[in-house]
Amino acid sequence: MRRTTRPVRPARTWIVAAVMAIGTLLATGPGTATAIDGPTDLPPALEPLREELADNDLVREPDTGITWLRFTGAPANLGSGALHVVGRRTKEEAATATPGNNVIPAYQRISRSDGSSYEVPVGLMTYHDEHKHFHMDGISRYRLINAAGQVVRESPKVAFCLVDLKIADSTLPGFNVNPTYNSCSHNANATSLTMGISVGWADVYAKELAGQSFDVSELMNLPPQQYTLEMTTNPLGLLHETNRTNPKSTSVTVTIGQGVPVGVGGPRPGV
């Protein structure tokens, strides 16, 4: 028997169109450009750069005798929009800030495909007394993991002063060869400031800076072992970005223990 197709009656055309539009919306989800959605978000996408994490070393600090595993960290923005964060507070709030307790509420500005934008709260910016400028909290996490999968060290440093320091991918749409973000406020009493990472750029925190290291003195007394040094961006999901629910990580292998060569040095404050 031959299958035939009956034409849709004109009176029902609008019903068919509506069902198809709803089906498309459900299939694509929010943020996808369709006629029913209108403008869409252009979110950043944070990923750590493995080639920067590979810049690590073991050094012994002459004054303290501590052996440090130092490592460089670099969160890159490989998304469709900038990571743009604004801090704002009143003069009264700034006046009550004290060393070790100096924060500014932070808001992330998210651009849209029609040129508009909106802001969402994303936690706090904290004034870093050693680096002498504000950091955005929740940017990264560092862990040192042994062969058994146990975390033997975890860095409390999860904050960055976000700037454009290194080109990560110049082929991305929206990339601009001129960096947009180039400083964070050094004014401990600032009432407003802006920081971020442009599309295709990365921030870089060198291994010499305070916070970019683990004290591995005890591990140096053990037989040589291989460990996994891991960096994860946006580990707490504070920032709104493409990888928010599935934070990106990268890792390298390091060897620590008796007889492993150790240089001379230590962490230093930033500027």
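Residues numbered from 1 in each chain as written. Predicted model: local features only at pLDDT ≥ 70, side-chain atom pairs only at ≥ 80, totals over all residues. Heavy atoms only, no water.

**Student:** Just to check I follow, could you spell out the overall build of the chain for this structure?
**Tutor:** The number of helices and strands found in the chain is 3 helices and 17 strands. Looking at the chain as a whole, 41% of its 271 residues qualify as buried. A sequence separation of at least 24 residues applies to 71% of the contacts in the chain between residues at least 6 apart. Here the chain displays about 14300 Å² of accessible surface, and carbon together with sulfur accounts for 54% of that area. (Helix = DSSP H or I, 4+ residues; strand = E, 2+ residues; numbered from the N terminus. Buried < 20%, exposed > 50% of the residue type's maximum accessible area, 1.4 Å probe, protein only. Contact = heavy atoms within 4.5 Å. Areas by Shrake-Rupley, 256 points an atom, 1.4 Å probe, with all protein chains shown as cover.)

**Student:** For this particular structure, what's the right way to read the sheet that holds strand E15 (residues 225-233)?
**Tutor:** Taken in spatial order, the 4 strands make up an open sheet running E10-E9-E15-E16, and their pairing is antiparallel. Each of the sheet's edge strands pairs with one partner strand only, and the pair in question is strand E10 (151-154) and strand E16 (249-256). Neighbour to neighbour, the strand axes of the sheet diverge by 25° on average, direction disregarded. Here strand E9 (residues 140-145) pairs with E15 via 6 bridges, running antiparallel. Across the sheet, Arg-143 pairs through a bridge with Glu-230, a residue of E15. (Pairing = 2+ DSSP bridges. Axes fitted to C-alpha atoms, helices over the stretch in contact; angles between N-to-C directions.)

**Student:** So what exactly am I meant to see when it comes to the state of the cysteines here?
**Tutor:** Simply put, the disulfide is a covalent bond whose two ends are the sulfur atoms of two cysteines. A complete count under the given rule lists 1 disulfide for this structure. Through a disulfide, Cys-161 is tied to Cys-184; the S-S separation comes to 1.9 Å. In this structure, the disulfide formed by Cys-161 and Cys-184 twists by about 105° around the S-S bond and is classed as right-handed. A residue pair is termed long-range when its members are at least 10 positions apart, and Cys-161 in the loop between E10 and strand E11 (166-167) and Cys-184 in the loop between E11 and strand E12 (192-197) qualify at 23 residues. (Disulfide = S-S within 2.5 Å.)

**Student:** Looking at this structure, I do not really get the packing of aromatic side chains. What am I missing?
**Tutor:** Aromatic ring pairs are reported here in terms of the distance separating the ring centres and the angle at which the planes meet. For the structure on display, the rule yields 5 aromatic pairs. Ring plane angle 70° and centroid distance 5.1 Å describe the contact between Tyr-127 and Phe-134, whose orientation is recorded as edge-to-face. The exposure class of Tyr-127 is buried, given its relative accessible area of 12%. Take Phe-134: its relative accessible area is 0%, and that puts it in the buried class. Seen in terms of ring centroids, Phe-160 and Tyr-205 are 4.5 Å apart; in terms of plane orientation they differ by 65°. Their pairing is edge-to-face. Remark: Tyr-205 occurs in the loop between strand E13 (201-202) and strand E14 (213-215) and Phe-160 occurs in the loop between E10 and E11; sequence separation between them is 45 residues. When the ring centre of Tyr-107 is taken as origin, the NZ or CZ atom of Arg-88, which lies over that ring, is 4.8 Å away. (Phe/Tyr/Trp six-rings, centres within 6.5 Å; stacked < 30°, edge-to-face > 60°. Lys NZ or Arg CZ within 6 Å of the ring centre and 35° of its normal.)

**Student:** I keep staring at the nonpolar core and nothing clicks. Help me out?
**Tutor:** Grouped burial of nonpolar side chains is what soluble globular proteins tend to show. In terms of nonpolar packing, the biggest core is built from 44 residues, with Leu-69, Val-85, Met-136, Leu-144 and Ile-256 touching the most fellow members. Here this core gets 4 residues from one element, more than from any other, and that element is strand E7 (residues 117-128). Setting aside its immediate chain neighbours within four residues, Met-136 contacts Val-85, Ala-106, Val-122, Leu-124, Met-125, Val-158, Ala-159, Phe-160, Leu-162, Met-195 and Leu-239. (Core = buried A, V, L, I, M, F, W, Y, C linked by side-chain atoms within 4.5 Å.)

**Student:** Please explain the sheet that holds E14 as it appears in this structure.
**Tutor:** Strands in a sheet are paired, the pairing made by backbone hydrogen bonds, and the direction either parallel or antiparallel. Strand order across the open sheet formed by 4 strands is E14-E3-E2-E17, with mixed pairing between neighbours. In this open sheet, the two edge strands, each paired with only one partner strand, are E14 and strand E17 (263-264). Two elements, strand E3 (residues 67-71) and E14, share 3 bridges in a ladder whose sense is antiparallel. Paired with Leu-69 across the strands is Phe-214, a residue of E14.

**Student:** Which parts of the structure should I look at to understand the pairing of E3?
**Tutor:** Regular strands show a simple pattern: their side chains alternate between the two faces of the sheet. In terms of burial, E3 is a largely internal element, 5 of the 5 residues being buried. Alternating positions in E3 separate into two faces, Thr-67, Leu-69 and Phe-71 on one and Trp-68 and Arg-70 on the other, with burial throughout. A loop of 6 residues connects strand E2 (residues 56-60) with E3, the two strands running antiparallel in sequence, and Gly-65 in this loop sits at a positive phi of about 80°.

**Student:** Explain the pattern of salt bridges here, please?
**Tutor:** Close approach of charged atoms allows side chains of opposite charge to pair. For the structure on display, the rule yields 10 salt bridges. Among the salt bridges present, the one from Lys-166 reaches Glu-52, with a minimum N-O distance of 2.6 Å. Highlighted residues: Lys-166 in strand E11 and Glu-52 in helix H2 (residues 50-53), separated in sequence by 114 residues. Lys-166 sits in the partly exposed class, given a relative accessible area of 24%. (Salt bridge = Lys/Arg side-chain N within 4 Å of Asp/Glu carboxyl O.)

**Student:** Can you walk me through the confidence of the model for the chain in this structure?
**Tutor:** Caution is warranted with low-pLDDT regions, since their predicted coordinates should not be read in detail. Residue-level pLDDT values for the chain average 87, and 85% of them are 70 or greater. Taken as a whole, residues 1-35 scores under 50 in pLDDT and shows 12 contacts with residues more than four places along the chain or in a different chain. (pLDDT = per-residue confidence, 0-100.)

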